[in-house]
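A look at the structure
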Amino acid sequence: MGLSLFSDASTRLAQALKFVAISDDAIEHLKHPKASLSVSIPVRMDNGSLRFFQGYRVRYDDTRGPTKGGVRYHPGVNLDEVQSLAFWMTFKCAALNLPYGGGKGGITVNPKELSRLELERLSRGYIDAIADFIGPDVDILAPDMYTNQMIMGWMMDQYSIIKRQISPAVVTGKPITMGGSVGRESATAMGAFFVIERMMSKLDRHPSNTTVAVQGFGNAGATIAALMAKAGYKVVAVSDSQGGIYAKKGLDIPSIRQYKHSSRSIQAVYCAGTVCSVVEHEVITNEQLLALDVDILIPAALENQITATNAPQIQAKYIFEVANGPITSEADGILDQKGIMVFPDILINAGGVTVSYFEWVQNRSGLYWTLEEVNRRLQEKMVTEADHIWTISQDRSTSLRTAAYIHALNRLGEAIEAKGTRDYYANKRF
Ligand code: NAD
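Residues numbered from 1 in each chain as written. Predicted model: local features only at pLDDT ≥ 70, side-chain atom pairs only at ≥ 80, totals over all residues. Heavy atoms only, no water.

1. As for the overall build of the chain
A count of helices and strands for the chain gives 15 helices and 14 strands. A compact globule built from 430 residues would reach a C-alpha radius of gyration of about 22 Å, and the chain, at 21 Å, matches this within 12%. For the chain, the spread of C-alpha atoms along the principal axes amounts to about 70 × 60 × 50 Å. Within the chain, the fraction of its 430 residues that count as buried is 57%. In the chain, the proportion of contacts linking residues at least 24 apart, taken out of those at least 6 apart, comes to 67%. (Helix = DSSP H or I, 4+ residues; strand = E, 2+ residues; numbered from the N terminus. Rg over C-alpha atoms; globule rule 2.2 N^0.38 Å. Buried < 20%, exposed > 50% of the residue type's maximum accessible area, 1.4 Å probe, protein only. Contact = heavy atoms within 4.5 Å.)

Pasting the structure below:
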């Protein structure tokens with residue numbers, strides 16, 4: 001049997017610890033989630049029956065600020081996964097120097113099987129169950145897989161009803177009319193795009209001769225595919241949970257998005273107005289997409305997609321992890337040996353939490369920014385931290401993943417020390 005997701009995630013921490021001088025107290029601190037909550041959520045279904053759903057919220061570490069992290073709706077959600085995602089958020093927020101710790105939540109549900117009213121009752125029921133565990137200065141929610149603006153709006157509203165005060169800063173990724181930030185929906189992909197552009201220029205690669213495959217065609221995947229195509233990269237393959245499509249000469253991403261929006265499925269199409277016609281393409285599986293001979297591979301769906309089993313077949317030169325945890329630690333070693341450069345999730349998909357932070361700041365100040373300002377600040381943050389991580393990786397001859405963890409660990413270690421550890425009291429004098 002393979003490692004649990006959390007044990008696997010923890011091996012990345014162990015690798016980075018070899019390069020960082022932080023106290024045993026701080027290391028011990030980072031191995032344990034601060035608090036985990038497991039709840040049963042009763043939902044009255046449309047047919048009158050009562051169903052219970054399992055929900056979770058984990059606050060992994062709050063040394064650097066209130067915990068922050070998305071809420072996932074998926075049949076595979078369990079405590080191990082939520083804890084791992086909260087662990088990644090801790091390092092992601094530290095790597096980006098955001099004043100947050102890491103948190104995450106989820107409900108074990110297939111949202112596609114629920115009506116919109118059932119989904120609303122479930123989302124409000126989740127907030128009823130966790131209201132005392134969260135708050136604008138305690139733990140802040142956001143969207144993740146199969147949750148969106150509409151759901152964030154219900155969650156913020158429910159929390160405000162419970163607390164008898166409008167509390168926009170408890171949830172980010174809200175509809176703009178409820179205090180959401182412009183640019184939040186595209187932020188994860190936009191942040192990834194800024195780093196990809198920066199790294200491609202460091203590596204002296206040009207969009208016109210760079211092919212791209214994207215796994216996952218949701219918020220993050222479809223948006224990054226569109227941004228890459230618009231910038232001149234040749235996006236040759238995309239996929240969703242049903243499977244993928246491939247066209248050697250490149251796909252028309254705006255048409256595919258339009259088609260997916262209206263039909264809920266992916267087809268290689270060209271659309272003129274509302275009429276879309278199918279163009280020449282191959283139907284491929286997700287497994288085939290991952291093994292395509294492309295320059296850039298972007299996993300933007302689920303975790304554990306590249307494992308020790310399929311890593312030997314991967315042909316891409318660069319992998320940018322837009323999804324959280326798409327590569328197992330065993331696969332990391334194999335990809336490294338093959339000379340494939342992996343740009344890690346805690347950097348690449350951090351644009352989402354960065355603009356969530358901007359949304360929280362705007363909610364608390366009551367002053368709202370323009371899209372230009374949001375994207376300018378996002379680009380500055382992503383590029384600055386990406387450059388730091390690149391330099392650490394060059395100086396220490398480590399993978400970019402280990403470099404990102406070293407970068408985050410330095411900040412986390414310093415904060416934990418400052419709160420008071422055995423070494424801190426032993427070594428420091430007033
Ligand atoms: P989403 O729900 O909008 O889209 C998920 C996509 O993945 C869908 O197209 C779905 O069809 C596809 N998918 C599901 N199972 C699949 C499978 N087995 N194979 C291939 N495709 C599959 O979710 P999202 O918000 O785009 O999130 C995608 C990933 O990005 C997740 O790992 C999430 O944690 C990460 N992420 C998202 C954000 C954000 O702001 N949305 C921020 C950081 C990280």
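2. Description of the site of the ligand
Taken together, 22 residues sit near the ligand, with Asp144, Thr188, Asn219, Ala220 and Asn324 positioned nearest. Interatomic distance of 2.8 Å between a side-chain N/O atom of Asn324 and an oxygen atom of the ligand. Its free accessible area being 830 Å², the ligand has 89% of it covered by the protein chains. Of the residues belonging to the shell around the ligand, the class tally is nine nonpolar, nine polar and four charged. (Near = heavy atom within 4 Å. Polar contact = N/O pair within 3.5 Å; in protein donor to acceptor, adjacent residues only side chain to side chain. Areas by Shrake-Rupley, 256 points an atom, 1.4 Å probe, with all protein chains shown as cover. Nonpolar A, V, L, I, M, F, W, Y, C, P; charged D, E, K, R; others polar.)

3. Points about the nonpolar core
Counting residues in each nonpolar core, the largest one holds 94 residues, and the members touching the most others are Phe91, Met228, Val238, Ile296, Ile298 and Phe320. Val109, Tyr126, Leu141 and Met152 belong to the second-largest nonpolar core, a separate cluster that totals 27 residues. (Core = buried A, V, L, I, M, F, W, Y, C linked by side-chain atoms within 4.5 Å.)

4. Observations regarding the state of the cysteines
Evaluated as defined, the whole model comprises one disulfide. There is a disulfide in this structure between Cys271 and Cys276, and the S-S distance comes to 2.0 Å. Judged by the sign of its S-S torsion, about 100°, the bond between Cys271 and Cys276 is right-handed. (Disulfide = S-S within 2.5 Å.)

5. A short note on the pattern of salt bridges
Counting across every chain of the model gives 27 salt bridges. A salt bridge links Asp345 to Arg401, with the nearest nitrogen and oxygen atoms 3.7 Å apart. On the criterion of sequence distance, the pair formed by Asp345 in helix 11 (residues 345–348) and Arg401 in helix 14 (residues 400–419) is long-range, its members being 56 residues apart. You can call Arg401 buried: its relative accessible area is 5%. (Salt bridge = Lys/Arg side-chain N within 4 Å of Asp/Glu carboxyl O.)

6. A look at helix 7 (residues 219–230)
Look at helix 7: 17 Å from first C-alpha to last across twelve residues, which is about the 16 Å you get at 1.5 Å a residue. The buried fraction of helix 7 is high, at nine of twelve residues. Turning to helix 7, its buried residues are Ala220, Gly221, Ala222, Thr223, Ile224, Ala225, Ala226, Leu227 and Met228. On the buried face of helix 7, the contacting elements are helix 6 (187–202), strand 6 (211–215), strand 7 (234–240), helix 8 (253–263) and strand 12 (296–299). Downstream of helix 7 by one or two residues, Gly232 has phi in the positive range, about 105°. (Expected span 1.5 Å × (residues − 1).)

7. Points about the sheet that holds strand 4 (residues 101–108)
Spatially, five strands are ordered 1-2-4-3-5 in an open sheet, and the strand pairing comes out mixed. Among the strands making up the open sheet, the edge pair consists of strand 1 (35–44) and strand 5 (139–143). Neighbour-to-neighbour, the strand axes of this sheet turn through a mean angle of 25°, independent of strand direction. Here helix 4 (residues 116–130) sits on the sheet and contacts strand 1, strand 2 (50–61), strand 3 (67–74), strand 4 and strand 5; the angle it forms with strand 1, its principal contact strand, is near 140°. (Pairing = 2+ DSSP bridges. Axes fitted to C-alpha atoms, helices over the stretch in contact; angles between N-to-C directions.)

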